[in-house]
Every structure is written in C-alpha cells, then in structure tokens.
Amino acid sequence: MNKAVEKLKEELLAVLPPTLFFLIALHIVGLVRALMAKGTGLPVTSSAQIALAALIIGKAVLLADHWPPINRFPEKPLIYNIAWKTVIYYFVASFIHYLERLYDFTREAGGILAGNEKLLSEIVWPHFWALQIILLVVILNYCVIRELGRVLGERRMIRMFFQQPVAASREERDDLREPTSTTPKR
C-alpha cells in the first residue's frame, strides 16, 4: 500500500506543473473566448470544463514525454526540440479542443455523426482560428520554458525567477560576451 501511495504522490507531483500552467493559460483563452462570443449566442466554456481540459493536457504532456521520439533533437540547438514539442502538444491540445466542441454539439444533435455535422456547419471559423492561434502561442511558451528548465536545471530556474538573482560567475559572463577578434584593427 505504501508503494502505491508513493507512486500516486510521484504522479501528482509530475502532473502538477503542466496542469497549473495550462489551467491558467486555458482560463485566459476561456476569457478571450467569452469576450469574443459575447452577444453571439455561442456557448461559453465553464471553469470546470477548463480545469478538466487542463488536467487532460497536463497528463497528455506527461504521456508524450514518455514517448521515445519526444526528445528527438538533444544535441541540436533548443529551437529544434521546442518546435518539435510545440507541434506535438499543439495537435494533442487541438484534438482535445475539437472533442470538447464535439461533445457539446453531440448532446444537442443526439449522436456523434449528427453532432459533427452540426459542429462543422455552425462553427464560427474566425473564432475557432483565433483560439487556435492563442493556444499555439501558449503551448510555444510552455515548451520554451520547459526546455530552458531542462537545460538550465530546475534549481537554477527557480533561483532566477523567484529568488534574489545571483551575480553571474566569471565563466557565465565570459560565455555571454561576444567573441573577440585576435587580429589587430587597422
């Protein structure tokens, strides 16, 4: 029983950071959606639906992180892994967004096929694409922060963001300087 509790605690601690990030981010998306839908009669996403979506995306991120090709470019510049992970997480999040809308329309239409037809005929495409763009930017930001954390280390990231900044060591300052030319100027 003790091992099961420890495993559950480990899983909860692992899913917490992405879930919190997406909970906040999806609430922002929900607010934007509510503002865009005001006066149109479009349904507004509830906070409970947003929390469930954040939990699903948080778990999807963890599952994707166990997929061997997720860290496909460990020896290349960070942008490779950031772009690769953004694409993967974006497709997962977009699929979840589609399923949320499909669920609403399926309840109204009485079936999945009828709900899908109703969804495709009644969707407000500019709103849909606006939300997809916001979702892409949110996921890109998540991937940038996550990859920086992977490279810099959790302790260093926490220190940089939440504690008193520590002066850079001489080696770190030297790494940040522009390379100097050894040829004399004329």
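Here, the structure is the one placed above.
Report follows, based on the coordinates. If you're wondering where the values come from, they're calculated on a predicted model, not measured in any experiment. (Residues numbered from 1 in each chain as written. Predicted model: local features only at pLDDT ≥ 70, side-chain atom pairs only at ≥ 80, totals over all residues. Heavy atoms only, no water.)

**A short note on the overall build of the protein chain**
Defined as follows: Only runs of H or I of at least four residues qualify as helices and only runs of E of at least two qualify as strands under DSSP, and these elements are numbered from the N terminus. Remark: exposure states derive from per-residue accessible area (1.4 Å probe, protein chains only) relative to the maximum for the residue type, with buried under 20%, exposed over 50%, and partly exposed in between. Any pair of residues with heavy atoms lying within 4.5 Å of one another is described as a contacting pair. For the area figures, the Shrake-Rupley method with a 1.4 Å probe applies, and any residue is considered shielded solely by the protein chains shown.
Secondary structure summary: the protein chain contains 7 helices and 0 strands in total. Looking at the protein chain residue by residue over its 186 residues, the buried ones come to 28%. Within the protein chain, counting contacts between residues at least 6 apart in sequence, those at least 24 apart form 66% of the total. Carbon together with sulfur atoms contributes 66% to the accessible area of the protein chain, which is approximately 13,400 Å² in total.

**Comments concerning the packing of helix 5 (residues 125-152) against helix 6 (residues 154-162)**
Selection rule: Each axis is a line fitted through C-alpha atoms, and for a helix only the stretch in contact is used; angles between axes span 0 to 180 degrees, taken between their N-to-C directions. Lys, Arg, Asp and Glu make up the charged group, whereas Ala, Val, Leu, Ile, Met, Phe, Trp, Tyr, Cys and Pro make up the nonpolar group; the residues left over, Gly among them, are polar.
Direction vectors running N to C along helix 5 and helix 6 enclose 115 degrees, while the axes themselves pass 6 Å from each other. Note on element contacts: helix 6 touches helix 5 through Glu154, Arg156, Met157 and Met160, opposite Ile145, Leu148, Gly149 and Leu152. Here the residues of the contact of helix 5 with helix 6 sort into 5 nonpolar, 1 polar and 2 charged.

**With respect to helix 5**
So the rule is basically this: To estimate how far a helix should extend, the number of its residues minus one is multiplied by 1.5 Å.
For helix 5, with 28 residues, the first-to-last C-alpha span of 40 Å sits near the 40 Å given by 1.5 Å per residue. Turning to helix 5, its buried residues are Phe128, Leu131, Gln132, Leu135, Val138, Ile139, Tyr142, Cys143, Glu147 and Gly149. Looking at the packing, one finds that the buried side of helix 5 touches helix 1 (2-37), helix 2 (47-65), helix 3 (78-109) and helix 6.

**Quick look at empty space enclosed by the protein**
Worth spelling out the cut-off: Here a cavity means grid points, on a 1 Å grid over the protein atoms only, where a 1.4 Å probe fits yet cannot get out; a pocket means an open set of points with protein on both sides within 12 Å along at least five of seven lines; lining residues are those with an atom within 4 Å of a point. Grid points are joined across faces, edges and corners, and a volume is the space filled by probe spheres set on the points.
Under the defined criterion, the tally for this structure stands at 2 cavities of 30 Å³ or more. Mapped by element, the contributors of at least two residues to the lining of the largest cavity are helix 1, helix 2, helix 3 and helix 5. Looking at the lining of the largest cavity, the element that brings in the most residues is helix 3, giving 5 residues. Considering only residue class, the lining of the largest cavity consists of 9 nonpolar, 4 polar and 3 charged.

**Looking at the environment of Leu23**
For Leu23, the position within the fold is in helix 1. Sequence spacing of Leu23 and Ile50 is 27 residues, and the spatial spacing of their C-alpha atoms is 6.8 Å. Look past the residues within four positions of Leu23 in its chain and what remains in contact with it is Ile50, Ala51 and Ala54.

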